Amino acid sequence: MLISLNWLKEFISLSNISPEEIKDKLTAHTVEVEGIVNQKDQFKNVVIAEITEIKKHPQADKLQIAIVKTDSEDNIKVVCGAPNIAVGQLVPLAKIGTILPNGLEIKKAEIRGEESNGMLCAEDELGLGNNHDGIMILDKKAKLGQNIAEYLELNETILEVDNKSISN
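For every chain, the first residue of the written sequence is number 1, and numbering continues from 1 onward in sequence order. Totals for whole chains, interfaces and linings use all residues, but because this is a predicted model, local features are given only for residues with pLDDT of at least 70 and pairs of side-chain atoms are given and counted only at 80 or more. With hydrogens and water stripped out, all remaining heavy atoms of the structure feed into the side-chain values.

**Student:** Explain the overall build of the protein here, please?
**Tutor:** Numbering of helices and strands starts at the N terminus; helices are DSSP runs of H or I of at least 4 residues and strands are runs of E of at least 2. Each helix and strand counted, the protein has five helices and 10 strands in total. On C-alpha atoms alone, the protein measures out to a radius of gyration of 19 Å, which is more than a quarter above the 15 Å that the 2.2 N^0.38 rule sets for 168 residues. Seen through its C-alpha atoms, the protein measures out along the principal axes to roughly 60 × 30 × 25 Å. Buried positions account for 40% of the 168 residues belonging to the protein. Each radius of gyration reported is based on C-alpha atoms, and the globular scaling rule is 2.2 Å times the count of residues to the power 0.38. Note on exposure labels: buried denotes an accessible area under 20% of the residue type's maximum, exposed denotes more than 50%, and partly exposed covers the range between, all computed with a 1.4 Å probe on protein chains only.

Next up, the structure:
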């Protein structure tokens, strides 16, 4: 079971207590805490990018090549199969080296003969919902290069609790 520290703070004072201390105290007295997840850590290499150009993939009918930019990089080439991308959109870009919440590691890849240097992400790929109809399109107030966790204000710390402890 997952328990939000922000939710717990609505009921008890947790000021000046680190998540690790809370984990230790809960494990010693109430339930076994199996892990601590900081949402920001899950998205440390996922940034906001702008699609500057879209080309048809020469070797695949359902794939496109999106050229994107961030605040510090231009002309990042990403192969994408989503039908909803358009020039000028702001989208989440998982950079090379990112490990998505589902465990998928983003690597430089060659997809049907075309180089891909990251991944444009759908909501479900980021673990933010179930929508996989297309890439997550962000509004214009998003800043290029901004971390997606900052943009979405994901500053949550989650405790992973052994559910057997509570049910027994």
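There is more to say after this.
**Student:** What's the story with the nonpolar core in this structure? I'm lost.
**Tutor:** Soluble globular proteins: nonpolar side chains tend toward being buried together. Each nonpolar core is a collection of buried residues, namely Ala, Val, Leu, Ile, Met, Phe, Trp, Tyr and Cys, held together in the definition by side-chain atoms within 4.5 Å. If you look at the biggest cluster of nonpolar residues, it comprises 17 residues, and the most contacted ones within it are Leu100 and Leu138. Mapped by element, the contributors of at least two residues to this core are strand 3 (46–56), strand 6 (90–94) and helix 4 (148–151). The biggest single contributor to this core is helix 4, with three residues.

**Student:** Can you walk me through the pattern of salt bridges in this structure?
**Tutor:** Side chains that differ in sign of charge can pair as their charged atoms come close. The working definition used for a salt bridge is a side-chain nitrogen of Lys or Arg within 4 Å of a carboxyl oxygen of Asp or Glu. Counted by the stated rule, this structure contains six salt bridges. The partner of Glu114 in a salt bridge is Lys77, with the nearest N and O atoms 2.8 Å apart. Here Glu114 is found in strand 8 (residues 114–116), whereas its partner Lys77 is found in strand 5 (residues 76–80), with 37 residues between them in sequence. Among the residues examined, Lys77 registers a relative accessible area of 25% and is labelled partly exposed.

**Student:** Can you help me understand the pairing of strand 3 in this one?
**Tutor:** In summary, the side chains of a regular strand alternate between the two faces of the sheet. Two strands qualify as a pair provided that DSSP identifies no fewer than 2 bridges between them. Here strand 3 runs beside strand 6; their pairing, made up of five bridges, is antiparallel. The partner of Ala49 across the bridge, within strand 6, is Val91. When strand 3 meets strand 4 (residues 64–69), the two strands line up antiparallel, connected through six bridges. Across the sheet, residue Glu50 finds its bridge partner in strand 4, namely Lys69.

On their own, these measurements won't tell you what the molecule is for.
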